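Coordinate analysis (summary)
Here's the letter readout for the chains.
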Amino acid sequence: MNKDNKHIIIAAGGTGGHIFPAISLMEYLNKIGFVSILTTDLRGLKFIDKKNMQKTILIDSSPLNSGKKIISILKILRSIFKSLIILLKNKPKFIFGMGGYASFPICLAGLLLRIPIIIYENNLLIGKANRFLAPFSKRIFVTYKDIQGINAKYKNRTIVVGNIIRENILNFSKSYDLETSNYLNILVLGGSQ
């Protein structure tokens, strides 16, 4: 692999819990000189602004649906084939899997092509896609120290990085004195759905 390669693929599921950290990571990596491409499914596209849309590729995958298993498997196989083409065209240095079923095909295609994978899990319980990919990942970044579902033999590759937050939120908190403000401050937290 070319040491000067600056291309990175960020593969994210289609919910806000996957997409927002992925966009933050993509913007940061691009700012420091990498060329990042985001892959997601149709659900994820609704969260992406015009500025980042040109750096986004649709991977129309599917969860392994028990009621429509054959259709799901065919859709997953098609998305793995498309992912192989994307990876051969872009030749990324590594793939950053953000979790969710839409991240699985490109990460699996990366494994087939021997492209290093790093996964990020921002929940307290590791999701299905990341649980499958954990044994093959070079690093497992997690938000919480007490995450459940990661096999103990992968703990040496697990690194607590916390939440990936947009730079404008970090900058806002630095420039705004919350203690002396007359404004009401509200923190909204929610699930990925």
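This is a predicted model, so every value here is computed, not measured.

1. Points about the sheet that holds strand β6 (residues 139-142)
One open sheet accounts for seven strands, arranged β3-β2-β1-β4-β5-β6-β7; its pairing is parallel. Strands at the two margins of the open sheet, each flanked by one partner only, are β3 (56-58) and β7 (158-160). When the angles between neighbouring strand axes are averaged without regard to direction, this sheet yields 25 degrees. For strand β4 (residues 94-97) and strand β5 (residues 117-121), the ladder comprises three bridges, and the chain directions are parallel. For Gly97, the partnering residue across the bridge sits in β5 and is Ile119.

2. Details of the pattern of salt bridges
According to the stated counting rule, one finds four salt bridges in the structure shown. Its salt-bridge partner being Asp60, residue Lys75 comes within 3.8 Å of it at the nearest N-O pair. Of the two residues, Lys75 is situated in helix α4 (residues 69-90) and Asp60 in the loop between β3 and α4; the sequence distance between them amounts to 15 residues. In this structure, Arg78 engages Asp60 in a salt bridge whose closest nitrogen and oxygen atoms are separated by 3.7 Å. Of this pair, Arg78 sits in helix α4 while Asp60 is found in the loop between β3 and α4, placing the two residues 18 residues apart along the sequence. Using a relative accessible area of 26% as the deciding quantity, one classes Asp60 as partly exposed. Here the salt bridges do not stand alone but share partners, grouping Asp60, Lys75 and Arg78 into one network.

Criteria and thresholds
Residues numbered from 1 in each chain as written. Predicted model: local features only at pLDDT ≥ 70, side-chain atom pairs only at ≥ 80, totals over all residues. Heavy atoms only, no water. Pairing = 2+ DSSP bridges. Helix = DSSP H or I, 4+ residues; strand = E, 2+ residues; numbered from the N terminus. Axes fitted to C-alpha atoms, helices over the stretch in contact; angles between N-to-C directions. Salt bridge = Lys/Arg side-chain N within 4 Å of Asp/Glu carboxyl O. Buried < 20%, exposed > 50% of the residue type's maximum accessible area, 1.4 Å probe, protein only.

Just distances and angles here, no functional claims.
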